[in-house]
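Reading the structure
One letter stands for each residue in the lines below.
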Amino acid sequence: MARRNLNTAEIGDIVRTTRKAAGLRQDELAGAAGVGLRFIVDLEAGKPTAQIGKTLQVLAALGCSLEITPPPDPKGGRPKDPQKP
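Residues numbered from 1 in each chain as written. Predicted model: local features only at pLDDT ≥ 70, side-chain atom pairs only at ≥ 80, totals over all residues. Heavy atoms only, no water.

What to know about the packing of helix α3 (residues 37-44) against helix α4 (residues 52-62)
- Put simply, α3 and α4 touch, their axes get as near as 11 Å, and they point 90° apart. Of the possible angle classes, the one that applies to α3 and α4 is roughly perpendicular. Together, F39, I40 and L43 of α3 and K54, T55 and V58 of α4 make up the contact between the two elements.
- Its residues assigned to classes, the contact of α3 with α4 comprises four nonpolar, one polar and one charged. (Axes fitted to C-alpha atoms, helices over the stretch in contact; angles between N-to-C directions. Helix = DSSP H or I, 4+ residues; strand = E, 2+ residues; numbered from the N terminus. Parallel < 35°, antiparallel > 145°, perpendicular 65-115°, else oblique. Contact = heavy atoms within 4.5 Å. Nonpolar A, V, L, I, M, F, W, Y, C, P; charged D, E, K, R; others polar.)

Comments concerning the pattern of salt bridges
- Scanning the entire structure with this criterion turns up seven salt bridges.
- Of the charged contacts in the structure, one is a salt bridge between D13 and R16, with a shortest N-O distance of 2.8 Å. Highlighted residues: D13 and R16, both in helix α1 (residues 8-21), separated by three residues, approximately one helical turn.
- Notably, a salt bridge pairs R16 with E44, separated by 3.9 Å at the nearest N-O pair. (Salt bridge = Lys/Arg side-chain N within 4 Å of Asp/Glu carboxyl O.)

Listed below in structure tokens is the structure:
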């Protein structure tokens, strides 16, 4: 799959589309994710200041995954994983 940078409106669209495909109402998703209904409404609307922690909870409740790829280092390689020896 091609990598791309998402904006907040696109994340909101993904949340809305996935929620509807799962047959969930906004309040049901809010309860499943442990967030408030207002947060779901704002997230689906693409609010740029949505809290990342709550956003991750919603994505997890929907079964979505999120991948973050660090940029390559100046020498053209990837940065070393600090958890690997």
